[in-house]
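Remarks on the overall topology
What follows is the residue order along each chain.
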Amino acid sequence: MKALALLACVLLPAVSHAALNVTGSTCTVTPLPATGSAEPDDTPQILEAFKQCGTNGKIVLTEGLFHIGQIMDTLSFNNVDIEIHGTLRWSSNIQYWLRSSLPVTYAGRSTAWRVGGTDIRMRGFGKALFDGQGQLWYDQNRGQSNQNGRPISLTLWHAKNVLIDGITWRQAQFWHTFVAYSENITMTNLDMNATSNSQWSTVNTDGIDTWNSNNIYLQNWTVTCGDDCISMKGNSSNVYISNVHCYESGCAVIGSMGSNAAQPDYVSNIYYDNFTCTHSSNAAWIKTYSGTGYVRNVTFANFQFTDVNQPIYVTPCIYGSSGCDSSRLRISDIRWINITGTSRYNVASAIHCPSSAPCDGFFFENVNITNKDGRTTDKYLCSNIANQAQSGIPCTGTCPASWPQQLSGNS
């Protein structure tokens, strides 16, 4: 018996660390087994793998279910490959996340996982699944807009030269992804779905929001969410997005931005290409506050959509009509090319630009939007568009400053 007890004491440390195996510069993590009714927490060994192999190394998360019970703040990666073959499920301890999620500066938001550093390649091979257990968040949030501490699933934070590929999200806690203070970012072959099965809507489960970031390439996304699908916020530049299907969302959007007039927001050189929008609030649109800065050189090209509330929409005063005609945030050189689909109601486009800074360089080419009822002729509402006669926009009436983002019936 004494020999058995001694043997157990010798083996226990090995068993407790069996989830992490280090071979040279490769760290392999396997999920901890469940013990009784209590969920294990795989976060410590995952963080240890990131620490040991996060520079000039490889981290492999094997197939299986990994329970994530703690924040992950991993900001010093350097030349690393991260392979995820299994499921990461964030814990249901809402009070922990509300208390501990990591700040990301923007609008007081926070995140469950910050990834930063240089030369980071994270691949999911179409097998990786991020499960935020979002239904718990949707129900406790009860339709509120932005709950402090409600965590974004994954944030790229001061990251450079990053590839994210082949990952599926289900029931994200809040926004699926956020890119901030980052550059040279490629995110491809991503699948996201946040859908509530209760009376409470998901609210703000955006597919991606970018902010203060440059040189971004997004391709082959499928997103079902309760808010913006692909959103470029302030100080985003040189972004190309292609082959995206957005369901039940805001589809392709610039903004919101300009909420703080003392801090100018600039967005430039954005190209949305080959989008499909299904049963969405809008298709190709721009929303700003009446702040300072500019939106410049944006193209929405090759859009097809079905049953979209108000396909094209531009406002300098989102969420209210205050300051609409005194905004100093100029919007210019915006193109809508090959835009085809059905609107839910009889307004295809509503564009209100501030009289203090009329929009210039707006251009429609091959825009064909019809009302889904097949009987009503769609309206194109316009205000304060410079050189409107050369824009190709078939304006049929004035767009009031207070014109809403979403309609509840024909105008």
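In case you missed it, the structure is sitting above this.
Residues numbered from 1 in each chain as written. Predicted model: local features only at pLDDT ≥ 70, side-chain atom pairs only at ≥ 80, totals over all residues. Heavy atoms only, no water.

1. A short note on the pattern of salt bridges
As enumerated under the stated definition, the model contains 11 salt bridges in all. Among the salt bridges present, the one from Arg-114 reaches Asp-73, with a minimum N-O distance of 2.8 Å. Here Asp-73 lies in strand 5 (residues 72-84) and Arg-114 lies in strand 9 (residues 113-131), a separation of 41 residues in the sequence. Asp-73 sits in the partly exposed class, given a relative accessible area of 36%. Between Asp-81 and Arg-121 there is a salt bridge; the shortest N-O distance is 2.8 Å. Residue Asp-81 is located in strand 5, and its partner Arg-121 is located in strand 9; the two are separated by 40 residues in the primary sequence. Here Arg-121 falls in the partly exposed class, since its relative accessible area comes to 21%. Connected through shared salt-bridge partners, Asp-81, Arg-121 and Arg-123 make up one network. (Salt bridge = Lys/Arg side-chain N within 4 Å of Asp/Glu carboxyl O. Helix = DSSP H or I, 4+ residues; strand = E, 2+ residues; numbered from the N terminus. Buried < 20%, exposed > 50% of the residue type's maximum accessible area, 1.4 Å probe, protein only.)

2. A look at unusual backbone geometry
Gly-255 connects to Ser-256 through a cis peptide bond whose omega is 0 degrees. By the element assignment, Ser-256 lies in the loop between strand 18 (252-254) and strand 19 (265-278). Positive phi values are uncommon outside glycine, yet Asn-56 reaches one of about 50 degrees. Structurally, the position occupied by Asn-56 is in strand 3 (residues 55-61). Overall, Asn-56 belongs to the partly exposed group, its relative accessible area being 47%. For Asn-184, which is not glycine, the phi torsion reads 60 degrees and is therefore positive. Note on placement: Asn-184 falls in strand 13 (residues 183-193).

3. Focus on the side chain of Thr-205
In this fold, Thr-205 is placed in the loop between strand 13 and strand 14 (208-211). A relative accessible area of 0% means that Thr-205 is categorised as buried. Polar side-chain contacts of Thr-205 include one of 3.0 Å to the backbone nitrogen of Gly-226. Among residues more than four places away in sequence, those in contact with Thr-205 are Tyr-138, Arg-150, Ala-172, Phe-174, Trp-175, His-176, Ala-194, Cys-225, Gly-226 and Asp-227. (Polar contact = N/O pair within 3.5 Å; in protein donor to acceptor, adjacent residues only side chain to side chain. Contact = heavy atoms within 4.5 Å.)

4. Quick word on the state of the cysteines
Taken as a whole and assessed by the stated rule, the structure comprises 6 disulfides. Shown here is the disulfide that connects Cys-27 with Cys-53, its sulfur atoms set 2.0 Å apart. Between Cys-27 and Cys-53 the sulfur-sulfur dihedral comes to about 70 degrees; the bridge is accordingly right-handed. With Cys-27 in strand 2 (residues 26-29) and Cys-53 in helix 2 (residues 43-53), this residue pair connects regions lying 26 residues apart in the sequence. Judged by its relative accessible area of 0%, Cys-27 falls in the buried class. Sulfur-sulfur distance for the disulfide between Cys-382 and Cys-395 comes to 2.0 Å. Residues Cys-382 and Cys-395 are joined through a disulfide that is left-handed, its torsion about the S-S bond being -90 degrees. Of this pair, Cys-382 sits in strand 26 (residues 379-383) while Cys-395 sits in the loop between strand 26 and strand 27 (397-398); the two residues are 13 residues apart in sequence, bridging distant segments of the chain. Each bonded cysteine in the protein gets a number by its place in the sequence, and the pairs come out as 1-2, 3-4, 5-6, 7-8, 9-10, 11-12. The cysteine Cys-399 is free of any disulfide, with Cys-382 supplying the nearest cysteine sulfur at 7.8 Å. (Disulfide = S-S within 2.5 Å.)

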